[in-house]
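Summary of structural features
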Amino acid sequence: MTDTFTLAHLSDPHLPPMPAARLRELAGKRALGYINWTRNRHKYHRREVLDALVADMQAQRPDHIAVTGDLVNLALEAEFTPAQAWLESVGTPQQVTVVPGNHDAYVRATRHHFGGTFAKFLQGDAANGAPFPFVRRRGPLALIGVSSAVPTLPLMATGRLGRTQLDALDRELAQLPPDEAFRVLLVHHPLHSTSRMKRLTDSMALRGVLKRHGVELVLHGHDHIHSTMWLEGADRQIPAVGVPSASALPHRHYPAAAYNLFSIARDAGKWRCVQTVRAVDADFRVKQIKQATLL
């Protein structure tokens with residue numbers, strides 16, 4: 001059995017507190033989002049929760065950290081500098097990989113700010129002229145990042161990869177056999193959703209690519225819940241794991257902030273992967289709440 005590599009995954013920090021917005025920025029979709037934040041969301045997205053979760057994660061000393069989007073809330077220009085400082089406090093670009101969420105591309109005016117601000121955290125090992133998909137090799141892992149982040153109409157939170165990105169992903173996976181690397185696909189939106197307003201609109205096309213080539217693990221956020229779904233792969237089922245918001249207090253059907261640790265090793269020619277879930281309790285302490293063998 002080879003040495004174990006530990007990958008941490010958190011998502012949807014929705015970095016609080018949100019900076020003050022200028023009146024001219026609050027038009028259309030942002031106006032509704034700002035009202036929702038000031039009336040509701042600020043109550044349960046809390047910086048002290050996020051800080052406690054990250055401190056515990058860093059204490060586990062993972063070999064790498066994946067963050068699957070929604071670092072900001074309304075994609076205001078003033079949100080990106082604090083978000084950059086926060087991500088740099090989580091780890092260096094060598095230690096942390098990030099992909100964007102729908103809130104990071106909330107409106108067309110600032111949809112490209114994420115790529116510029118966090119370029120070093122989503123830069124692939126090989127420059128191929130396009131930001132997505134990218135591939136980063138870290139230990140036995142091949143981290144494959146795609147972007148489902150697109151601006152949408154008010155009250156919509158759908159995502160889309162698009163044909164160009166899907167075709168490029170198909171080519172990348174064709175060159176990454178499972179015996180060469182433990183392949184982890186990072187995407188913000190889940191690959192199955194019952195919500196018309198929150199779904200990945202071309203999820204069936206993405207699932208078709210995974211059925212042809214397979215990956216060992218899919219990590220996502222967006223739904224703010226614990227989830228594990230199983231997707232059809234090239235020669236076996238693929239676990240797709242979602243995680244709650246990294247800054248959330250429990251509310252309604254949403255659980256408290258949590259993150260996942262994945263212990264990955266090669267054993268007798270097969271990949272092994274064990275998931276450990278750690279979550280914030282009522283006293284802002286972080287504890288293990290679950291462990292499961294995925295592979």
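See above for the structure.
Residues numbered from 1 in each chain as written. Predicted model: local features only at pLDDT ≥ 70, side-chain atom pairs only at ≥ 80, totals over all residues. Heavy atoms only, no water.

Going through the model one piece at a time under the given rule, you end up with 15 salt bridges. Residue Arg285 is joined to Asp281 by a salt bridge in which the shortest nitrogen-to-oxygen separation is 3.7 Å. Using a relative accessible area of 45% as the deciding quantity, one classes Arg285 as partly exposed. Across the salt bridge formed by Asp281 and Lys287, the nearest N and O atoms sit 3.4 Å from each other. Each of the salt bridges in this network shares a partner with another, and the network as a whole consists of Asp281, Asp283, Arg285 and Lys287. (Salt bridge = Lys/Arg side-chain N within 4 Å of Asp/Glu carboxyl O. Buried < 20%, exposed > 50% of the residue type's maximum accessible area, 1.4 Å probe, protein only.)

Going through the model one piece at a time under the given rule, you end up with 3 aromatic pairs. Residues Phe114 and Phe118 carry aromatic rings whose centres are separated by 4.7 Å and whose planes lie at 50° to one another, so their mutual orientation is tilted. Just as Phe114 is buried, Phe118 falls in that class too. Residues Phe132 and Phe134 carry aromatic rings whose centres are separated by 5.9 Å and whose planes lie at 45° to one another, so their mutual orientation is tilted. No difference in accessibility class separates Phe132 from Phe134, as the two residues are buried. In this arrangement the basic side chain of Arg266 is found over the ring face of Trp271, its NZ or CZ atom lying 4.8 Å from the centre. (Phe/Tyr/Trp six-rings, centres within 6.5 Å; stacked < 30°, edge-to-face > 60°. Lys NZ or Arg CZ within 6 Å of the ring centre and 35° of its normal.)

It is worth spelling out the sheet that holds strand 12 (residues 286-293) at this point. In space, the 6 strands of this open sheet follow the order 3-2-1-10-11-12, with mixed pairing throughout. Each edge of the sheet is formed by a strand with only one pairing partner; in this case those strands are strand 3 (96-98) and strand 12. With direction set aside, neighbouring strand axes in the sheet form an average angle of 20°. Here strand 10 (residues 258-267) runs beside strand 11 (residues 270-280); their pairing, made up of 10 bridges, is antiparallel. Directly across from Leu261, in strand 11, lies its bridge partner Thr276. Sheet contacts for helix 3 (residues 77-90): strand 1 (5-10), strand 2 (64-67) and strand 3; angle to strand 3, the most-contacted strand, approximately 140°. (Pairing = 2+ DSSP bridges. Helix = DSSP H or I, 4+ residues; strand = E, 2+ residues; numbered from the N terminus. Axes fitted to C-alpha atoms, helices over the stretch in contact; angles between N-to-C directions. Contact = heavy atoms within 4.5 Å.)

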